[in-house]
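Descriptive analysis of the structure
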There are 2 protein chains.
Amino acid sequence: MNKEHNPFEPYSGCVVTQDGVFSEAEVGLANRNSGLLLETLALDITPTGAHYLLNHFDVPLIDEGAHSLSFNGSFNTPFNLTMAEIKALPKITMPVTLECAGNGRAGVSPRSYSMPWMYEAVGTSEWTGTPLAPLIGKAKPSADVVEISFHGADYGFDKGCGHFFGRSLTLAQMKELDVLLVYAMNDAPLLPQHGAPLRIVVPGWYGMASVKWLTEITALTNPYDGFQQVRTYQYRESDEDPGRPITTMRIKSLMVPPGVPDWTSRKRYVNTGPTELVGRAWSGAGTPIEKVEVEVSGVWHPANLENSEDRYAWKKWTFDWDATPGAHVLRCRATDAEGNVQPLEPPWDVAGFANNAVQVVHVFVE
Amino acid sequence: MNKEHNPFEPYSGCVVTQDGVFSEAEVGLANRNSGLLLETLALDITPTGAHYLLNHFDVPLIDEGAHSLSFNGSFNTPFNLTMAEIKALPKITMPVTLECAGNGRAGVSPRSYSMPWMYEAVGTSEWTGTPLAPLIGKAKPSADVVEISFHGADYGFDKGCGHFFGRSLTLAQMKELDVLLVYAMNDAPLLPQHGAPLRIVVPGWYGMASVKWLTEITALTNPYDGFQQVRTYQYRESDEDPGRPITTMRIKSLMVPPGVPDWTSRKRYVNTGPTELVGRAWSGAGTPIEKVEVEVSGVWHPANLENSEDRYAWKKWTFDWDATPGAHVLRCRATDAEGNVQPLEPPWDVAGFANNAVQVVHVFVE
């Protein structure tokens, strides 16, 4: 199949959007991909199946028994591993918060034509697998290697370009990051839609780095130029901007919308009186979350932030609100130890990436 | 809280929609609820987390140890059961296909303002629990009982009316149907978003009947008038039509879209030559699926239909297609033993319920 031929209209990119109005293709993506149910932010670990899911192409249905992972390219001692061999390696489990780089896209104006996430493309799971670094060491990258690339079994077209999903990390990034080769999630085998039988999880980074349905790990002597590395997942001021790579998750916080919802609008009804607001805050940079604040109708208040030993998982926060009758707008905002703070308005990006603006929740108290 | 007061605009109902254009609230519902990944139609059982999910209100996070089910109302011997008591009862597991009554709503013109499903609100799971009929028998409905109602712990507002989700079945329906009191799904504990710790599954009926987060089963001497029984889930020709209750799933079939997708449009690229088309067909009426046909660019062909002993689960079908270069439109259509057949165009309903029109898949072969 000709990889650059696209007989269809250019659905990807360059499509005019209108704020607050969405196309059938965007809704199709929203029906297919799935977001966190915000009320499950009350839990440390997102229930299986409620973790956000963003898959570019179709889910490959892979026979685990026949699957193997190839370490190839410029390794001095390349090898293959079966799933049984990978599962026999030293095993660790860690809670990791993953967020889609496109989370919040629907809030960036003008909107980019893609999956129209609002707040819900995030989740925290217990991921089980084996650390990747020792395996890279065993394969011995040759002296001129600059990057390691990761390739999935998922194939499709974007902007007329056919490709397997692939991403890379530099050798320096590989040393800094605790990349895990993962085959289980929440103490159960990885689900097909989350990358079964094998994926990586790159803690601290937006989700695009955590390649699913992993087939190959390749040592490269030149920077990786795969579609998902250079043509998407770049911060761009305009369509002409060559871009700067998207890496770690920006500081962010979310709350469980309090009270009960209206079915279609999801606006909230809260009873008058004490209400505990609960939420989570996270950052990919490794800098500790220092504070979370909650705004009630224009006044910011400090929230209680729970301690946690889990470096890569979101932190719980709570705030005791004495709800008074009337309409209120609630917002929450996290700040880290280096002074990074969530913006009140969405940061600009032409593709609507990494919108970490504060969440806005409309409630009516009576 | 005043149950009939709605300080918000009337987001539910009476909102003007435009074909092919969707509001932010509709996209919010699509982000929150989640659809089947159509490629998993290749599997008998939908992977956990890939089964469709439609929840009207927030997911209640319930402590199983503290949960009990009350049989109350006009039973002669009312009682409560703890989860441990329910799990000690005779246990069966059965595969059941569930479809949302709103599946296909986005294809009905003019569109009703609600969750904008296209094809993906369906799934098949292995449900484990205990048959409900013996428990109803044990509770002994009094002589004047006409219906049994089922109440969930999920509370919210719709059209300004606050209510717990609830549904009912007549005594005659209870006798005909194999209603199961369910606490496990795909050999694992029920997930919070699928009704943990306890729900019912009503095989053959659209999903609204399978009440989640079950707290009460009530014997009624008058027909149940809960919001979800009388104000929604009714077939209506117009807003003034009092409606006819929605019950069993209409005959329907779907196919795995062949080839590989374009990321945003989901249109398909297929290689020239033999391609096996695979799909599923189901009906809630209990009448066997007699045939499935596949249309390729205007010509209908018979598909192969697999035998199955599972009364309530979808049937697999396959069709060997010799794909020829160019653009094609594929459709599939099921017929049952009584001659019920899927329509080529969406059946009219004011709320877009039960659209069982044939699936349309655009492919480009080269």
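Taking an unreviewed UniProt entry as the reference, chain A is identified by name as Sulfite oxidase belonging to Pseudohalocynthiibacter aestuariivivens. Per its UniProt entry, chain A bears the Cofactor (unreviewed entry) comment "Mo-molybdopterin".

Let us look at the domain arrangement of chain A. Residues and elements named next belong to chain A. Partitioning chain A into structural domains gives domain 1 (24-245) and domain 2 (252-365). Averaged C-alpha coordinates put domain 1 and domain 2 at centres separated by 27 Å. Contact with domain 1, which involves 37 residues of that partner, is made by 28 residues of domain 2. With both chains or domains summed, domain 1 and domain 2 bury close to 2900 Å², and 58% of this area falls on carbon and sulfur atoms. Summed over the three residues of domain 1 that lose the most area to domain 2, namely Leu41, Val108 and Tyr119, the buried surface amounts to 22% of that side. Here domain 1 and domain 2 share three salt bridges between them. Note that Arg311 is salt-bridged to Asp178, the shortest N-O span being 3.9 Å. For the pair domain 1 and domain 2, the interface holds 18 residue pairs in polar contact (both at pLDDT 80 or more). In terms of residue count, strand β4 (residues 92-99) provides more of the side of domain 1 that touches domain 2 than any other element does, five residues in total. Looking at side-chain class alone, the side of domain 1 that touches domain 2 contains 16 nonpolar, 13 polar and eight charged residues.

As recorded in UniProt, the sites labelled "domain: Oxidoreductase molybdopterin-binding" (unreviewed entry) are residues 56-227 of chain A. When the span residues 56-227 of chain A is considered, its composition is 11% helix and 40% strand, and the gap between its end C-alpha atoms is 12 Å.

With that settled, the discussion passes to the side chain of Arg333 of chain B. All names here are of chain B. Considering the arrangement of structural elements, one finds Arg333 in strand β22 (residues 326-336). Residue classification places Arg333 among the buried positions, given a relative accessible area of 16%. The contacts of Arg333, once residues within four sequence positions are left out, are Ser253, Lys291, Val292, Glu293, Trp300, Val341, Gln342, Leu344 and Val358.

A separate point is the UniProt feature "domain: Moybdenum cofactor oxidoreductase dimerisation" (unreviewed entry) in chain A. Under the UniProt annotation, "domain: Moybdenum cofactor oxidoreductase dimerisation" (unreviewed entry) lies at residues 246-363 of chain A. Split by type, residues 246-363 of chain A is 0% helix and 49% strand. Its first and last C-alpha atoms lie 34 Å apart.

Right, let's talk about the sheet that holds strand β21 (residues 315-323) of chain B for a bit. All names here are of chain B. Across the sheet, which stays open at both edges, the four strands sit in the order β14-β17-β21-β20 with antiparallel pairing between neighbours. The two strands at the open ends of the sheet, each matched to only one other strand, are β14 (252-255) and β20 (304-305). One ladder, built from two bridges, connects β20 with β21; its direction is antiparallel. Pairing of Asn304 across the sheet is with Thr318, part of β21.

Here we come to the sheet that holds strand β6 (residues 147-158) of chain B. Strands belonging to one sheet form pairs held by backbone hydrogen bonds; the direction of such a pair is parallel or antiparallel. Residue and element names in this part refer to chain B. Pairing within the open sheet is mixed, and its five strands lie in the order β3-β2-β11-β6-β7. Edge positions in the sheet fall to β3 (79-82) and β7 (161-170), since each has one partner strand and no second. Going from strand to strand, the sheet's axes swing by 25° on average, the running direction of each strand aside. The pairing of strand β2 (residues 68-73) with β3 spans four bridges and is antiparallel. Its bridge partner being in β3, Phe71 is matched across the sheet by Phe79.

Right, let's talk about the relation of the copies chain A and chain B for a bit. When chain A is fitted to chain B, the best match, at an RMSD of 0.0 Å, comes from turning it 180° and sliding it 0.0 Å along the axis. Both chain copies can therefore be described as sitting about a two-fold axis. Across chain A, the smallest distance between a C-alpha and the rotation axis is recorded for Gly49 of chain A, namely 1.9 Å.

Rules and cut-offs
- Residues numbered from 1 in each chain as written.
- Chains lettered and ligands numbered in written order.
- Predicted model: local features only at pLDDT ≥ 70, side-chain atom pairs only at ≥ 80, totals over all residues.
- Heavy atoms only, no water.
- UniProt positions renumbered as here; feature names shortened; annotations may be inferred.
- Domains from an automatic or database assignment.
- Contact = heavy atoms within 4.5 Å.
- Buried area = accessible area lost by both parts, 1.4 Å probe.
- Salt bridge = Lys/Arg side-chain N within 4 Å of Asp/Glu carboxyl O.
- Polar contact = N/O pair within 3.5 Å; in protein donor to acceptor, adjacent residues only side chain to side chain.
- Helix = DSSP H or I, 4+ residues; strand = E, 2+ residues; numbered from the N terminus.
- Nonpolar A, V, L, I, M, F, W, Y, C, P; charged D, E, K, R; others polar.
- Buried < 20%, exposed > 50% of the residue type's maximum accessible area, 1.4 Å probe, protein only.
- Pairing = 2+ DSSP bridges.
- Axes fitted to C-alpha atoms, helices over the stretch in contact; angles between N-to-C directions.
- Least-squares fit on C-alpha atoms with pLDDT ≥ 70 in both.

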